[in-house]
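# Survey of secondary and tertiary structure
The lines below spell out each chain.
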Amino acid sequence: GNLRIRISRFRFEGNIFVTILKGGLPSFYRQGLNSVATTLLNTAAAGYGDAAVAAMSIVGRVFMFAFSAMLGFGQGFQPVCGFNYGAKRYNRVLEAYWFLVKTAAGILLALAVIGIVFAPQIMMVFRRDDADVIRIGSVALRAYFITFPLAALNVPSMMMTQTIGKSLRASILSLSRQGLFLIPALLILPQIIGLTGVQIAQPVADILSFCISAPMAYVTVKEIRALEREQAAQGENGGNLSEEEIAAMEKRLEEMGDD
């Protein structure tokens, strides 16, 4: 009841729409390119028979199930990151970021070990009686899981840069995994090494994406630490509102109450 939506108070402001667009583009790139990459993966596998298509489809679903958990974890980090960055609590932003990276690394490493060791058994859950599907899928699944722990840095870095307004970096990170690297890998590797190229295209893309994520994460963390040091040097109180800001907010709340 404190905040009421009124059409009369609605107005178009270009800078707000630009901010929304910049903040949402990385997610748009990630989701859109994932669909394109899936189509190309199926097309590339089709050249090696129905067993290859079935195997890569199963691998893709298994891997996406695990990767979606990582994305969900990262999305849970975003409001913590955004609220504290806006409040100038830079120490909390970094604390949450490193908590996410370390926790994700441990979980993904455990999942990777399980996936590598039990790859044939995982494939048999879906196609128990098809030896070709199990054989092709087991190789691909193991390759996928070998590079899976790299997502512990790739995803948090993408989420952090997107949340704190570094839209160009976030867009590059979103584009890199599926667009800049996976799509070319699917077009090039099968032509060179055949079915193996289809099986390792995603792991190769993950490695190359990590090579971009690591320096971008380093630069972003360095910038946040610089803001934290600047804040300490100015004697700020960790992001608490000034008396002027509190007075302005109280005045605005009173106006809303009168309305």
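Up top you'll find the structure we're talking about.
The structure contained in this document is the topic of the report that follows. (Residues numbered from 1 in each chain as written. Predicted model: local features only at pLDDT ≥ 70, side-chain atom pairs only at ≥ 80, totals over all residues. Heavy atoms only, no water.)

Take the overall build of the protein next. Assigned secondary structure in the protein consists of 9 helices and 0 strands. Against the 2.2 N^0.38 benchmark of 18 Å for 259 residues, the protein shows a C-alpha radius of gyration of 23 Å, more extended than a compact globule. Oriented by its inertia axes, the alpha-carbon framework of the protein measures out at about 70 × 45 × 30 Å. Buried positions account for 39% of the 259 residues belonging to the protein. Here the contacts in the protein between residues at least 6 apart in sequence split such that 78% fall between residues at least 24 apart. As displayed, the protein has an accessible area near 14,600 Å², and 64% of this comes from carbon and sulfur atoms. (Helix = DSSP H or I, 4+ residues; strand = E, 2+ residues; numbered from the N terminus. Rg over C-alpha atoms; globule rule 2.2 N^0.38 Å. Buried < 20%, exposed > 50% of the residue type's maximum accessible area, 1.4 Å probe, protein only. Contact = heavy atoms within 4.5 Å. Areas by Shrake-Rupley, 256 points an atom, 1.4 Å probe, with all protein chains shown as cover.)

What follows concerns the packing of aromatic side chains. For the structure on display, the rule yields 10 aromatic pairs. Relative to Tyr90, the ring of Tyr85 has its centre 5.6 Å away and its plane inclined at 70°; by these criteria the two rings are edge-to-face. Owing to a relative accessible area of 9%, Tyr90 belongs among the buried residues under this scheme. Through a chain of ring-to-ring contacts, the aromatic side chains of Phe63, Phe67, Tyr144, Phe145 and Phe148 assemble into a single cluster. (Phe/Tyr/Trp six-rings, centres within 6.5 Å; stacked < 30°, edge-to-face > 60°.)

Here the focus is the nonpolar core. Grouped together as the largest cluster of nonpolar side chains are 63 residues, with contacts concentrated most on Phe77, Tyr97 and Met160. Contributions of two or more residues to this core are made by α1 (14–46), α2 (50–86), α3 (90–117), α4 (119–126), α5 (131–146), α6 (151–163), α7 (167–193) and α8 (195–233). Among the elements that take part in this core, α2 stands out by supplying 15 residues, more than any other. Not counting the four nearest positions on each side in its chain, Met160 is found in contact with Phe77, Cys81, Val93, Tyr97, Thr220, Val221 and Ile224. (Core = buried A, V, L, I, M, F, W, Y, C linked by side-chain atoms within 4.5 Å.)

In this structure, the largest pocket spans a volume of roughly 310 Å³. If you trace the largest pocket, you find 18 residues lining it, with Asn34, Thr38, Leu41, Gly60 and Arg61 closest to the centre. Every element with two or more residues in the lining of the largest pocket is listed here: α1, α2 and α7. With 7 residues, α2 is the single largest residue contributor to the lining of the largest pocket. Looking at the lining of the largest pocket residue by residue, the classes come out as 9 nonpolar, 7 polar and 2 charged. (1 Å grid on protein atoms, 1.4 Å probe; cavity = no way out; pocket = protein on both sides within 12 Å on 5 of 7 lines; lining within 4 Å. Points joined across faces, edges and corners; volume = space filled by probe spheres on them. Nonpolar A, V, L, I, M, F, W, Y, C, P; charged D, E, K, R; others polar.)

What follows covers unusual backbone geometry. Non-glycine residue Lys88 carries a positive phi angle of around 65°. With respect to the helices and strands, the residue Lys88 is situated in the loop between α2 and α3. The class for Lys88 is partly exposed, based on a relative accessible area of 40%.

Bringing α1 into the picture now. Between its first and last C-alpha atoms α1 spans 47 Å; for 33 residues at 1.5 Å apiece the expected length is 48 Å, and the two agree. Along α1, the largest kink reaches about 35° and is centred on Gly24; proline Pro26 follows within four residues of it. Among the residues of α1, those classed as buried are Pro26, Arg30, Leu33, Ala37, Leu41, Ala44 and Ala45. Close packing links the buried residues of α1 with α2, α5, α6, α7 and α8. (Expected span 1.5 Å × (residues − 1). Bend = angle between axes of the 7 residues up to and from the residue.)

By the element assignment, Ser176 lies in helix α7. Given a relative accessible area of 0%, Ser176 falls into the buried group. At 2.8 Å, the side chain of Ser176 and the backbone oxygen of Leu173 are in polar contact. Here the side chain of Ser176 touches Ser209 through a polar contact of 3.1 Å, side chain to side chain. The residues touching Ser176, leaving out its near neighbours within four places in the chain, are Phe181, Leu182, Ser209 and Ile212. (Polar contact = N/O pair within 3.5 Å; in protein donor to acceptor, adjacent residues only side chain to side chain.)

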